[in-house]
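# Observations on the three-dimensional arrangement
Take a look at the letters that make up each chain.
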Amino acid sequence: MSAPSQSNLEQVFANVASNYRGADIDLHAVYREMREKSPVLPENFMARLGVPSIAGLDPDRPAFTLFKYNDVMAVMRDATNFTSGFIAEGLGSFFDGLILTAMDGEAHKNIRSLLQPVFMPETVNRWKETKIDRVIREEYLQPMVASKGADIMEFALYFPIRVIYSLIGFPEDRPEEIEQYAAWALAILAGPQVDPEKAAAARGAAMEAAQALYDVVKVVVAQRRSEGATGDDLISRLIRAEYEGRSLDDHEITTFVRSLLPAASETTTRTFGTLMTLLLERPELLARIREDRSLVPKAIDEAVRYEPVATFKVRQAAKDVEIRGVAIPQGAMVSCIVTSANRDEDAFENADTFDIDRRAKPSFGFGFGPHMCIGQFVAKTEINCALNAILDLMPNIRLDPDKPAPEIIGAQLRGPHHVHVIWD
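From a predicted model like this one, the values you see are computed outputs, not experimental measurements. (Residues numbered from 1 in each chain as written. Predicted model: local features only at pLDDT ≥ 70, side-chain atom pairs only at ≥ 80, totals over all residues. Heavy atoms only, no water.)

Looking now at the overall build of the protein. Secondary structure assignment for the protein yields 16 helices and 12 strands. With 424 residues in all, the protein has 56% of them scored as buried. The long-range share in the protein, meaning contacts at least 24 apart out of those at least 6 apart in sequence, stands at 75%. (Helix = DSSP H or I, 4+ residues; strand = E, 2+ residues; numbered from the N terminus. Buried < 20%, exposed > 50% of the residue type's maximum accessible area, 1.4 Å probe, protein only. Contact = heavy atoms within 4.5 Å.)

Written out as structure tokens, the structure reads:
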């Protein structure tokens, strides 16, 4: 594998965004029309947009796409009739099939209960006080302050990687190595491709990256085990944990940790970039939040509703079902368009308005039901710390009028690529 480099990580991040970008159309306008005219569409709508599938299944398999809030909620909360095991045949194949999002039933429940404690508020809040805030402020933002300007997405790419890899149990004194590991994790996400000519090469690169990541994770697992695994990090907790009455071996722990890494920081980066874009476009709102920091969590939740990074979730019908009078046969793929559901006029008043004061209601940016993102509290805590730190350290932060304005783009893995800002 190549030597770690800053440009390598940034290039891989850009490549992944490009891979899932899809067609450049007004998605919200299209989804509005679909909710009205074709709320249950008998085809794979994301394939129509040119977005690759993580399912890795026969493209001729029946597929249906849902656009309405209530339909998406019903499917995502019902893990009995709408299963996720098919992911093991696609993205999961890069992880030997051992990937939390590709598990169903008791196996999913048991493994999730093993992983969950390290991602709970009690653990993360302790980390916030001892580490997350300090890392964001001292290692990243304070060195930037004197420059009076930056592309804030460069900061957004690096700080979640630094934080989450430390939370998992990687050494903290080798940042360049961690950046290389993050680049390998992102390369795995680029494995699924639409273009058959690119697919073989991308799959080869993803398998190579997956093996490289496995090798480095296994070293850390062995090291933590030799030290007694007494820490609060995820790897130490997994070493101490029991699953179905037995402890996990190094291969199982390594495989599970590796499967978490592709999404461990990438979603946080894009969500933070989207939040900053939405606030910088609304200076009066940003000023209000600067004066009242209790509004930060509301702003994060509304950004996740208004422009979710993961724009759709796929499930498989475990039996013949019917949705809005449309028959969906057993084995069919059911694509839930999160971005559409989050803007459903029947679920949210003034759904197309970014309104942090709206009454709290579940949205689907971090998923919903049994497969809701296990790391969402970590992500929200990191974003909360980062926004507060920026408001403290960068007075009068605003969009740079001499640079292109940020654009939130992508049919999947949606977010801005650049957010150019200046401050006093």
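That covers the picture; the talk isn't over yet.
Turning our eyes to something else, we now look at unusual backbone geometry. A positive phi angle is found at A229, which is not glycine, with a value near 50°. Mapping A229 onto the fold places it in the loop between α9 (196-226) and α10 (234-240). With a phi angle near 50°, L413 is a residue other than glycine that sits in the positive phi range.

What follows deals with the layout of surface pockets. Looking at the second largest pocket, its volume works out to about 370 Å³. Taken together, 21 residues make up the lining of the second largest pocket; nearest its centre are D301, E302, A360, K361 and S363. At the level of elements, α14 (296-306) and α16 (376-393) are the ones that each hand at least two residues to the lining of the second largest pocket. Among the elements that line the lining of the second largest pocket, the one with the most residues is α14, at six residues. Split into classes, the residues belonging to the lining of the second largest pocket amount to eight nonpolar, four polar and nine charged. (1 Å grid on protein atoms, 1.4 Å probe; cavity = no way out; pocket = protein on both sides within 12 Å on 5 of 7 lines; lining within 4 Å. Points joined across faces, edges and corners; volume = space filled by probe spheres on them. Nonpolar A, V, L, I, M, F, W, Y, C, P; charged D, E, K, R; others polar.)

Evaluation of the coordinates by the stated rule reveals four cavities of 30 Å³ or more. By volume, the second largest cavity amounts to about 100 Å³. Secondary structure elements with two or more residues in the lining of the second largest cavity: α7 (152-168) and α8 (175-189). No other element matches the five residues that α7 contributes to the lining of the second largest cavity. The residue makeup of the lining of the second largest cavity, split by class, is eight nonpolar, one polar and four charged.

In the contact formed by helix α11 (residues 250-264) and helix α12 (residues 266-280), the axes pass within 5 Å of each other and the chain directions differ by 15°. Here α11 lies roughly parallel to α12, going by the angle between them. On α12, the residues touching P262, A263 and A264 of α11 are E266, T267 and T268. Considered class by class, the residues forming the contact of α11 with α12 number three nonpolar, two polar and one charged. (Axes fitted to C-alpha atoms, helices over the stretch in contact; angles between N-to-C directions. Parallel < 35°, antiparallel > 145°, perpendicular 65-115°, else oblique.)

What follows covers the sheet that holds strand β7 (residues 312-317). Here we have five strands laid out as an open sheet, ordered β1-β2-β10-β7-β3, and mixed in their pairing. One side of each edge strand has no neighbouring strand; the edge strands of this open sheet are β1 (40-41) and β3 (82-83). For β3 and β7, the ladder comprises two bridges, and the chain directions are antiparallel. Residue pairing in the sheet places T83 in a bridge with Q316 of β7. Against the sheet, helix α4 (residues 69-77) engages β1, β2 (63-66), β3, β7 and β10 (333-337), with an angle of about 125° to β10. (Pairing = 2+ DSSP bridges.)

This next bit is on the sheet that holds strand β4 (residues 149-151). Backbone-to-backbone hydrogen bonds join strands into a sheet, with any given pair of strands oriented parallel or antiparallel. The strand order across the open sheet formed by three strands is β4-β12-β11, and the pairing between neighbours is antiparallel. Each having just a single partner strand, β4 and β11 (398-399) make up the two edges of the open sheet. Taken together, the three bridges between β4 and strand β12 (residues 420-422) define a ladder with antiparallel strand orientation. The residue bridging A150 from the neighbouring strand is V421, located in β12.

A word on the confidence of the model for the protein. Atomic detail in the predicted coordinates should be set aside for any region of low pLDDT. Taken residue by residue, the protein gives an average pLDDT of 86. The fraction at 70 or more is 89%. Of the regions scoring below 50 in pLDDT, residues 1-6 engages in 10 contacts with residues more than four places distant in sequence or in other chains. (pLDDT = per-residue confidence, 0-100.)

A complete count under the given rule lists 14 aromatic pairs for this structure. One aromatic cluster in this structure is built from Y69, F348, F364 and F368. Its end group placed over the ring of Y306, R343 keeps NZ or CZ at 3.8 Å from the ring centre. Above the face of the Y69 ring, K361 is positioned so that its terminal group lies 5.1 Å from the ring centre. (Phe/Tyr/Trp six-rings, centres within 6.5 Å; stacked < 30°, edge-to-face > 60°. Lys NZ or Arg CZ within 6 Å of the ring centre and 35° of its normal.)

This paragraph deals with the pairing of β7. Of all six residues that make up β7, five are buried, and the element is covered over most of its length. The pairing of β7 with β10 spans five bridges and is antiparallel. Considered in β10, the bridge of K313 is made with C336.

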